[in-house]
Amino acid sequence: MEQKLIVSPSPHVHSGDTIPRNMYAVLIALIPAFLVALYTFRLDALLITALSVLFCVGFEYLIVRFVMKKEPAILDGSAIITGVLLAFNVPSNLPVWILALGALFAIGVVKLSFGGLGNNIFNPAIAGRIFLLISFPAQMTSWPATAIAGEATDAVSSATVLGLLKHSPEALPALQQMFLGFESGSLGEMSAAALLLGLVYLLWRRVITWHIPFTILATVALFTGILFLIDPLPQYNPLIHLFSGGLMLGAVFMATDYVTSPLTKKGMIIYGAGIGFITVAIRLWGAYPEGISFAILLMNAFTPLINTYTTPKRFGEAVKHG
Amino acid sequence: MLKSFHIGGIHPKENKLSAGMAIQPIAVPAQVIIPLSQHIGAPCQPVVKKGDKVKVGTLIGKSVGFVSAQIYSSVSGTVLKIDKAMDASGYKRDAVFIKVEEDEWEEHIDRSEALVTECNLTAKEILDKIAAAGIVGMGGATFPTHVKLTPPPGMKAEVLIINGVECEPYLTSDHQLMMEKSDEILVGITIVMKALNVQKAIIGIENNKKDAVALFTQKAKAYPGIGVQPLKVQYPQGGEKQLIDALTGRQVPSGALPISVGAVVQNVGTLFAVYEAVQKNKPLVERVVTVTGKEVQCPCNLRARIGTPLTTLIDAAGGVPESTGKVISGGPMMGKALASIDIPVTKGTSGILIVPTLEAKRKAMKDCIRCGKCVQVCPMGLNPTLLMTLTEYEVWDRAEKNAITDCIECGSCSYTCPADRPLLDYIRLGKGKVNGIIRARKN
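Predicted, not measured: the structure shown is a model, and the values here were computed from it.

## Points about the overall build of chain A
Along the backbone of chain A there are 15 helices and zero strands. Over its C-alpha atoms chain A spans a radius of gyration of 21 Å, differing by no more than 12% from the 20 Å that the globule rule assigns to 322 residues. C-alpha extents for chain A along the principal axes are approximately 80 × 60 × 30 Å. Burial analysis of chain A (322 residues in total) assigns 51% to the buried set.

Set out below in structure tokens:
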């Protein structure tokens, strides 16, 4: 046989898993929350999400091609996710130019200036949201009335659950309403039910493990639960904390970002507990009603340190002589 | 729930195309090339010269040193020359070329099919016979068996573990051998139990071989102390440390031998060879080889004499397919890609896997996205992406601290990486380097 053989070291087979496969699975998992957003905010939700994706993918393409002078890999899906998540983190009536600025910051500064997918320290969508929140506090916190509650509430800005919790807990909606997500808030964050459905999908497809989302939710429940036992005020009610604000979106989709979360199970648990703790601290005692974004951003910064000090459980470490 | 090892693991597509194909003896070729180094350890010294007449079972390579294994002629005929010949490593090494004439066997070899169960030898005599027969680990590792059966001073074996896992995708040679030679393997087990002076043996079989599990469960009843344990289909279930963990719950510590937890592991093929050596006076001159691949016409299990050209085996399976891009000696996870198929079958050739060009090429690597999947699947509990980076930047002290030398090179990390990063390539490199540094420090 004269034909040349390919010689390479083992292994000679591959699972077939790819970066796009994981990214698109995340996008699929976001569909239920998007459907709820469409139902509550109607066309605005579609418009903001579509534009946000367009901006993120567009900026990534332009910057990679013309500034970094590399071959853009926009089809890997990561910029699309940033786009969707950024949209899910803003009010549905946000002016488009502000949204574009947020996308430029998320993609250009947070992601690409560090070298692109895999090299960024902070989650682009989270950092983008915080950038907008600090720069445009008024626009970022005036929530539209939802289509369902529209007639009853102020049409320009209706308070979020966490806002009410902080300032007028007597006006809180029913817990069941919060869980389903028909109260007001950022575009894609409101329906805990829809986001949990996404979590189930991600776990089933083995895109993520339970460690990060579970630890965040458990820490929040435990922390507020203890306070609630001591003093049963509505602002300590763990169920309200679990099902309101951006907690579920953050715990399931933002904190689990591969690039900016720890590698080991131990590390993931420390990271998740940190996020849960900081979130509650900000919610209860901080100036902002919501703290999940800041919590994730802070713990992103700790991820390299956590990776350094948590090693996976090695084979033979716990020797059993049975 | 089925037993399994406790850290990591993957489940690659099994692709056991040749499962259930009866072992076919392949015709003795016109010429054999028998390498003098077919095992881990020192190469053998040739004890024949050009023009010598040999029979099947004539010693042609004498082992030098303890960690080495004798080499016997697998054919009868005339020694043509002793010269360099390429082996699976791609290097040219010393080998004995023999022109085949007739098929004459040494007289002391019992070639009958009759099962001999009785063995009245002492442990020492058994070990000597195994050493004399040139038996090595037949799963592919080729470590001399008599060395493995001689625990270091002060150590005592408590349990013999029999590896009938065959967790490599595609390969079926062990499975088929278990189905056809169950009695011989069981007698082989009793012999090795006697050599080790242990009262307990466990046969671990992956649960995708339900027929073998059933057969051995039924037959082992007649042998006190021998148990059968079906295992979860999970790679690398057949890794030595993983198998001990799965069957006994004991984990061999980093850097230690299995004997440190009282276990000795032997492959089913090795036990069959032990049976033949001890009961039939037959040295290791042939073995079962799976010839397989998606495009191979008739995937099969062949019994071939050591030294038979791979091409002869491939021809018996229908020839080299047009689409061939890669030929692997062994399985797809840990096997070696061959530079040429003009090499002989050796003691460690468990299979020949022919891969089409389309599947033979690797994809371009992307930046690590830090998904941690390699960490999740590593059966040794290592951090492959970190070890790759440390090797890339030659940070050897940290690589050592992160236990790079524990890597068993199973390939689960590279297999699973969604960014197609060649994790094991780097880790293998770093492991070699760190091992060198550790040796230098000791001297």
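Now that the structure has been shown, we can carry on.
## What about the overall build of chain B?
Of regular secondary structure, chain B possesses 14 helices and 17 strands. Since a compact globule built from 443 residues should have a radius of gyration of about 22 Å, the 21 Å found for chain B is in line with a globular shape. If one aligns the C-alpha atoms of chain B with their principal axes, the spans along those axes are about 65 × 50 × 50 Å. Going through the 443 residues of chain B one by one, you find that 56% of them count as buried. Taking all contacts inside chain B whose residues are at least 6 apart in sequence as the whole, residues at least 24 apart take part in 73%.

## Quick look at the interface of chain B and chain A
By a frequent convention, interface size equals the accessible area lost on bringing the separate parts together. Opposite the 53 residues of chain B that make contact, chain A presents 36 residues. Of all the elements in the fold, those that place two or more residues in the side of chain B that touches chain A are β15 (324–329), α13 (412–416) and α14 (423–442) of chain B. Here the side of chain B that touches chain A takes five residues from β15(B), the largest share from any one element. Residue composition of the side of chain B that touches chain A, by class: 29 nonpolar, 13 polar and 11 charged.

## Brief notes about the nonpolar core
Formed by 224 residues in total, the largest nonpolar core has its most connected members in B:L160, B:I161 and B:L313. Taken together, domain 1 (123–280) and domain 2 (373–442) of chain B each give at least three residues to this core, which thus spans both.

## What about the packing of helix α11 (residues 384–392) of chain B against α14(B)?
Residue and element names in this part refer to chain B. The geometry of α11 relative to α14 is characterised by a closest axis approach of 8 Å and an angle of 60 degrees between their N-to-C directions. For the element pair α11 / α14, the angle class is oblique. Crossing geometry of α11 relative to α14 is assigned as left-handed. From α11, P384, T385, L387, M388, L390, T391 and E392 reach across to α14, where they touch L423, Y426, I427, L429 and G430. Split into classes, the residues belonging to the contact of α11 with α14 amount to eight nonpolar, three polar and one charged.

## A short note on the environment of A:F59
Residues and elements named next belong to chain A. Here F59 is to be found in helix α3 (residues 43–67). Overall, the presence of 22 C-beta atoms within 10 Å leaves F59 in the buried class. In this structure F59 touches A103, L104, I107 and G108, once residues within four positions along its chain are discounted.

## Thoughts on helix α15 (residues 292–309) of chain A
Residues and elements named next belong to chain A. With 18 residues, α15 should reach 26 Å at 1.5 Å per residue; the first-to-last C-alpha distance of 24 Å fits that figure. At F302, α15 is deflected by roughly 45 degrees, the largest bend along its length, and proline P304 occurs up to four residues later in sequence. Every buried residue belonging to α15 is among I292, S293, A295, I296, L297, M299, N300, T303, I306 and N307, and all of these are buried. For α15, the secondary structure elements touched by its buried residues are α6 (124–135), α13 (247–254) and α14 (265–285).

## Regarding the environment of B:N163
All names here are of chain B. As for its placement among the helices and strands, N163 is situated in strand β9 (residues 159–164). Separated by 127 residues in the primary sequence, N163 and T290 place their C-alpha atoms 17 Å from one another. Every residue in contact with N163, bar those within four places of it in the chain, is listed here: G139, G204, G238, L243, V265, Q266, N267 and V268.

## Let's talk about the confidence of the model for chain B
Residues and elements named next belong to chain B. The predicted model of chain B has a mean per-residue pLDDT of 94, with 100% of residues at 70 or higher. When pLDDT is averaged over each element of chain B, α13 comes out on top at 97 and helix α9 (residues 357–360) at the bottom at 91. Across the interface, the model reports ipTM at 0.89; the global pTM reads 0.91.

## A short note on the pairing of strand β10 (residues 200–206) of chain B
Residues and elements named next belong to chain B. Counting buried positions along β10 gives six out of seven residues, so the element sits mostly inside the fold. With six bridges joining them, β9 and β10 adopt parallel strand pairing. Paired with I161 across the two strands is I202, which belongs to β10. At this point the chain moves from β10, through helix α5 (residues 210–220), to the parallel strand β11 (residues 226–231), and the crossover so formed is right-handed.

## Describing the pairing of strand β12 (residues 263–267) of chain B
Side-chain positions along a regular strand alternate between the two faces of the sheet. Residues and elements named next belong to chain B. Counted residue by residue, β12 has five buried out of five residues, so it is predominantly covered. Residues A263, V265 and N267 line one face of β12 and the alternating positions V264 and Q266 line the opposite face, and both faces are buried. Pairing of β9 with β12 involves five bridges; the strand directions are parallel. Directly across from I162, in β12, lies its bridge partner Q266.

How each quantity is defined
- Residues numbered from 1 in each chain as written.
- Chains lettered and ligands numbered in written order.
- Predicted model: local features only at pLDDT ≥ 70, side-chain atom pairs only at ≥ 80, totals over all residues.
- Helix = DSSP H or I, 4+ residues; strand = E, 2+ residues; numbered from the N terminus.
- Rg over C-alpha atoms; globule rule 2.2 N^0.38 Å.
- Buried ≥ 20, exposed ≤ 12 C-beta atoms within 10 Å, placed from the backbone.
- Contact = placed C-beta atoms within 7 Å.
- Nonpolar A, V, L, I, M, F, W, Y, C, P; charged D, E, K, R; others polar.
- Core = buried A, V, L, I, M, F, W, Y, C linked by C-beta atoms within 7 Å.
- Domains from an automatic or database assignment.
- Axes fitted to C-alpha atoms, helices over the stretch in contact; angles between N-to-C directions.
- Parallel < 35°, antiparallel > 145°, perpendicular 65-115°, else oblique.
- Left-handed = near helix turned anticlockwise from the far one by under 90°.
- Expected span 1.5 Å × (residues − 1).
- Bend = angle between axes of the 7 residues up to and from the residue.
- pLDDT = per-residue confidence, 0-100.
- Pairing = 2+ DSSP bridges.
- Right-handed = clockwise from strand over helix to strand, strands pointing away.

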